[in-house]
Amino acid sequence: MAKAFPEGFLWGGSTAANQIEGAWNEGGRGPATSDFARLITKEIRDTEGSFDEHVSHNAASKEMVEDMKAHPENWTLPKRWGIDFYHTYKEDIKLFAEMGFKVFRMSISWSRIFPNGDDAQPNEEGLQFYDNVFDELHRYGIEPLVTLSHFDTPLHLAEKYGGFASRHTTDAFVRYAETVMTRYKGKVKYWLTFNEINNVLSNPFTSSGVILDGAPTPNSCNNYLGHWQLKFQAVHNQFIASALAVKKLHEIDPEAKMGNMLCRLENYAESSKPEDQLQVMFEDHFNWFFTDVQATGQYPYYMKRFFDENDIHIEMGPDDMRILKEGAVDFITISYYMTYIMRYKGSPVPQPTGRLVSDIKNPHLPKSEWGWTIDPIGFRITLNRIYDRYHLPIFISENGLGAIDKFSEDGRIHDDYRIDYMRAHVEQLREAIADGVDVFGYAWWGPIDLVSSGTSEITKRYGMIYVDQDDYNNGTHARSKKKSFYYYKKLIASNGADLENNVTFED
């Protein structure tokens, strides 16, 4: 088979409302869980400058949220200002168009449409804002791919109902989804339900609005994996919300498609010991579980033992299994950043790590400045495994490199490290397509610098467009093009055929 990208392949970039929009209290928007994500101080970095284990500020307790509301001066909350996309979207989209984007994966801020999440009427000013964004994208021939919920559950639903721990939030989500899918019929053809739905187990507050009693404080580095019952109940309610949204979309716009979104965790065994292989199998099951339910419409066999041994009893409605079956997604999307090493953790059922950064380092792979392994071949492996498992079309909704960018003496950012990362991963993406994997699009995470989801800092830059802004919102906020901007522009123009790093800045 020819090693080429299919005609009409969707090249583009990926962002999230809570990391770029800012204007957290403008335009009728209500507060969301993302507005209470604290900046992680650099003092906890290890001697290599990476985050060995960042603080789980996403596992918020009631006391923590109340303190943030009562004493905001004691908290640095960068997601409240983002990069001001709310006011600069025309300028930013014009830059995306200059790169040649075919697709822009973005999210709608739920609390910009329903300030409390469950209001009687939607906020017209919020609806009009996204009308304007979609119109601007279409002006340049860019297809929006829209995530309904990307780590910003309305705070009211979190505080009053415990977020998706309650079916009230499920009902509110379906009403919100129906509202925006109806409003933007004909403007949006591709939708996603929940961003990285598996993150509810490690980041329950921002991902699904679950507030935990007795959660670690922001200055604690303790593992916070407990609360299994509450988290899996929230997961189930999100599954139902997703399935109902799929059904609603098919009724509203039969031409539109709904996908899911998984933070894909590809695992290697530390050794050839059967026990280590067993741990990899279990970790894989724990990761596949979410997509298994959303893609097949049923709970997989392998979770029963884990539920039994951890006394997890999910409350289900009488029609839930039918709803899941009827609401399977149309395509799969993933984020892929790195691979992980796993070691046996003991019997009777090996416990999952549940963390995004493994303690065990792979000596065969380089690392980013944040300690994330760089593994392009793992990208090809995981794409093959996904397609082999589901035989559904795949869209790469996130892939990228966070780094500390510095200006050279010529006043420009020569981010060849980002170009090298992109080239290596696109090469392996091309190999996966040659293997026969059906991939229809690739979105680089953070085409413009944004506030990091995990660490709430902008110092960890992903963008091909530099934003003159620091972690405390100081700077001119001016946009400028990095060398990678011109590389991606050339790559897109060739539909992935020209991967050579021979670009220069265009004055």
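Here's what I pulled together on the structure shown here. (Residues numbered from 1 in each chain as written. Predicted model: local features only at pLDDT ≥ 70, side-chain atom pairs only at ≥ 80, totals over all residues. Heavy atoms only, no water.)

Digging into the pairing of strand E4 (residues 190-194)
Then, number 1: Counted residue by residue, E4 has five buried out of five residues, so it is predominantly covered.
Then, number 2: Strand direction decides the pairing type here: strand E3 (residues 143-149) and E4, joined by four bridges, are parallel. Paired with Leu 145 across the two strands is Tyr 190, which belongs to E4.
Then, number 3: Bridge count for E4 against strand E5 (residues 257-259) is three bridges, and the pairing is parallel. Bridge pairing in E5 links Leu 192 to Gly 259. (Buried < 20%, exposed > 50% of the residue type's maximum accessible area, 1.4 Å probe, protein only. Helix = DSSP H or I, 4+ residues; strand = E, 2+ residues; numbered from the N terminus. Pairing = 2+ DSSP bridges.)

Looking at unusual backbone geometry
Then, number 1: Positioned with a positive phi, Glu 196 is a non-glycine residue whose angle comes to about 40°.
Then, number 2: Tracing the backbone shows Glu 196 in the loop between E4 and helix H8 (204-208).
Then, number 3: A relative accessible area of 7% means that Glu 196 is categorised as buried.
Then, number 4: The backbone of His 477 sits at a positive phi, close to 65°, despite the residue not being glycine.
Then, number 5: Tracing the chain through its elements places His 477 in the loop between strand E12 (465-467) and strand E13 (479-481).

Focus on the sheet that holds E5
Then, number 1: With respect to topology, nine strands assemble into an open sheet ordered E5-E4-E3-E2-E1-E11-E10-E8-E6, the strand pairing being parallel. With one partner strand each, in any of the chains shown, E5 and strand E6 (262-263) form the two edges of the open sheet.

Considering the packing of helix H14 (residues 416-435) against helix H15 (residues 483-493)
Then, number 1: Contact pair H14 / H15: the axes reach a minimum separation of 8 Å and the direction vectors enclose 25°. Judged on the interaxial angle alone, H15 and H14 are roughly parallel. In this structure, the crossing between H14 and H15 has a hand that is right-handed. On H15, the residues that touch Asp 416, Arg 418, Ile 419, Met 422, Arg 423 and Val 426 of H14 are Lys 483, Ser 484, Tyr 487, Tyr 488 and Leu 491.
Then, number 2: Here the contact of H14 with H15 is composed, by residue class, of six nonpolar, one polar and four charged. (Axes fitted to C-alpha atoms, helices over the stretch in contact; angles between N-to-C directions. Parallel < 35°, antiparallel > 145°, perpendicular 65-115°, else oblique. Left-handed = near helix turned anticlockwise from the far one by under 90°. Contact = heavy atoms within 4.5 Å. Nonpolar A, V, L, I, M, F, W, Y, C, P; charged D, E, K, R; others polar.)

Some words on the pairing of strand E11 (residues 439-445)
Then, number 1: The buried fraction of E11 is high, at seven of seven residues.
Then, number 2: Relative to E11, strand E1 (residues 10-14) runs parallel, the two being bridged by five bridges. When the bridges of E11 are listed, Gly 12 appears paired with Ala 443.
Then, number 3: Across three bridges, the pairing between strand E10 (residues 394-398) and E11 is parallel. From the neighbouring strand, Ile 394 faces E11, where its bridge partner is Val 439.

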